[in-house]
Amino acid sequence: GENVLFLVTNFIATAKQAQGTCPESPSVLDAVCTEDADCPMGNPVVHGNGIKTGKCVMFNTTHSTCEIYGWCPVENNTLPRKPLLAEAENFTLFIKNTVNFTKFNFSKCNTLQTNDPTYFKSCMYDPFFNPSCPVFRVRDMVEAAGETFGDIALLGGSIGVRIEWDCNLDHPTAQCQTQYSFSLQDRRYNFRTASYYWDSQQRLYRNLLKLYGIRFDISVHGQDGKFGIIHAAVSFGTGIAFFGAATVVCDLVLLYLDVKADFYWKEKFEEVR
């Protein structure tokens with residue numbers, strides 16, 4: 001199975017936008033202009049925020065851009081120098097997983113079976129000292145993937161969490177433990193979301209958020225095995241038959257294909273007259 005979690009660590013909030021006309025951002029190359037002819041009406045701005053109105057207008061004292069139909073004012077792409085939610089590195093994730101091998105009627109959970117109600121509030125996962133605690137610190141997960149939280153929190157990223165069950169059911173159940181591994185899948189991850197509303201004059205507005213954060217892709221894999229007398233007998237019989245066939249093949253090679261076939265023939269067979 002696979003699950004996805006997303007932790008927001010940084011964001012850009014665009015001011016209240018209304019449907020209308022406004023100058024496109026000068027950071028969009030297709031919007032930079034010097035005259036109206038550079039902004040053919042009805043053409044969309046490539047990698048921009050709307051449709052050109054046919055006018056070239058002043059964006060500020062140094063730049064002129066095409067006017068557009070769209071959500072205005074246009075989106076602000078200025079990011080903070082530090083992640084706004086830097087404290088999120090100490091957040092924890094509780095990952096609970098249960099494996100079920102139906103062929104052997106076996107199931108097990110990755111959490112420690114305990115009657116202590118405070119255990120999961122105080123424990124923290126450690127691969128050596130506390131492997132049965134499913135509570136993971138975000139910073140530890142990012143570092144296990146080879147990154148630092150400060151770098152990946154600013155522009156976002158994707159971390160893969162792999163849960164591996166490899167159980168030998170001939171051994172005690174306690175030895176069937178989960179193995180966790182973490183890997184970096186992508187260094188940048190973000191998406192936009194907006195909330196829409198109407199004002200008292202029935203004009204449509206929206207508040208736009210561009211969210212940066214850490215995406216956790218959690219995948220579960222497992223395999224099990226158990227000794228079976230029927231399978232063992234079949235394998236043993238197959239091995240015996242293989243040795244018998246090997247003897248016949250060796251005789252054919254030595255008696256008919258080898259350069260010393262005459263010598264082997266005399267040693268193997270005795271002629272009676």
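Residues numbered from 1 in each chain as written. Predicted model: local features only at pLDDT ≥ 70, side-chain atom pairs only at ≥ 80, totals over all residues. Heavy atoms only, no water.

Undergrad: Would you take a moment to explain the packing of aromatic side chains for this structure?
TA: We describe a pair of aromatic rings using the distance from one ring centre to the other and the angle between the two ring planes. The final tally for this structure, using the stated rule, is 10 aromatic pairs. Aromatic pair Tyr 119 and Phe 120: ring centres 5.1 Å apart, planes at 75°, arrangement edge-to-face. Phe 120 sits in the partly exposed class, given a relative accessible area of 28%. Three or more aromatic residues joined by ring pairs make a cluster, and in this case those are Tyr 125, Phe 136, Tyr 180 and Phe 182. It is Lys 16 that lies over the ring of Tyr 205; its NZ or CZ is 4.6 Å from the centre. (Phe/Tyr/Trp six-rings, centres within 6.5 Å; stacked < 30°, edge-to-face > 60°. Buried < 20%, exposed > 50% of the residue type's maximum accessible area, 1.4 Å probe, protein only. Lys NZ or Arg CZ within 6 Å of the ring centre and 35° of its normal.)

Undergrad: Is there a simple way to think about the side chain of Asn 97 in this case?
TA: Mapped onto the elements of the fold, Asn 97 is located in the loop between strand S4 (92–94) and strand S5 (98–101). With residues up to four places along the chain from it excluded, the contact list for Asn 97 reads Lys 108, Cys 109, Asn 110, Ile 163, Trp 165 and Val 220. (Helix = DSSP H or I, 4+ residues; strand = E, 2+ residues; numbered from the N terminus. Contact = heavy atoms within 4.5 Å.)

Undergrad: What is the right way to read the pattern of salt bridges from this model?
TA: Close approach of charged atoms allows side chains of opposite charge to pair. By the definition in use, this model includes 7 salt bridges. For Glu 164, the salt bridge is made with Arg 162, and the minimal N-O distance between the two is 2.8 Å. Note that Asp 199 is salt-bridged to Arg 203, the shortest N-O span being 2.8 Å. (Salt bridge = Lys/Arg side-chain N within 4 Å of Asp/Glu carboxyl O.)

Undergrad: Before we go on, may I ask you to explain the nonpolar core in this structure?
TA: What tends to happen in soluble globular proteins is that the nonpolar side chains get buried as a cluster. Judged by nonpolar contacts, the single largest core of 28 residues is most densely connected at Met 141, Ile 214 and Phe 216. Looking at this core, the elements that each hand over two or more residues are S5, helix H2 (138–144), helix H3 (149–155), strand S8 (157–168), strand S9 (178–186) and strand S11 (204–225). For this core, the leading source of residues is S8, giving 5 residues. Beyond its immediate chain neighbours, meaning those up to four positions away, Ile 214 contacts Leu 5, Phe 6, Leu 7, Thr 9, Val 138, Val 142, Phe 149, Ile 152, Gly 157 and Ile 159. Grouped together as the second largest cluster of nonpolar side chains are 7 residues, Val 28, Val 45, Cys 72 and Val 74 included. (Core = buried A, V, L, I, M, F, W, Y, C linked by side-chain atoms within 4.5 Å.)

Undergrad: Please clarify how the pairing of S5 should be interpreted in this entry.
TA: Going residue by residue along S5, you find Val 99 and Phe 101 tucked away on one face and Thr 98 and Asn 100 left uncovered on the opposite face. In terms of strand pairing, S5 meets strand S6 (residues 106–109) through 4 bridges, oriented antiparallel. Within the sheet, the bridge partner assigned to Thr 98 lies in S6 and is Cys 109. If you look at the hairpin formed by S5 and S6, you'll find 4 residues sitting between the two strands, and Asn 105 has a positive phi there, around 55°. (Pairing = 2+ DSSP bridges.)

Undergrad: Where do I start with the state of the cysteines in this structure?
TA: Cysteine pairs can be linked by a disulfide, which is a covalent bond between their two sulfur atoms. Summed over the entire model, instances satisfying the criterion amount to 4 disulfides. Each disulfide pairs two cysteine sulfurs, and for Cys 33 the partner residue is Cys 56, the sulfurs being separated by 2.0 Å. As the torsion about the S-S bond is roughly 95°, the Cys 33-Cys 56 disulfide counts as right-handed. Here Cys 33 is found in the loop between strand S1 (2–23) and strand S2 (50–58), whereas its partner Cys 56 is found in strand S2, with 23 residues between them in sequence. Considered together, Cys 33 and Cys 56 belong to a single accessibility category, that of buried residues. (Disulfide = S-S within 2.5 Å.)

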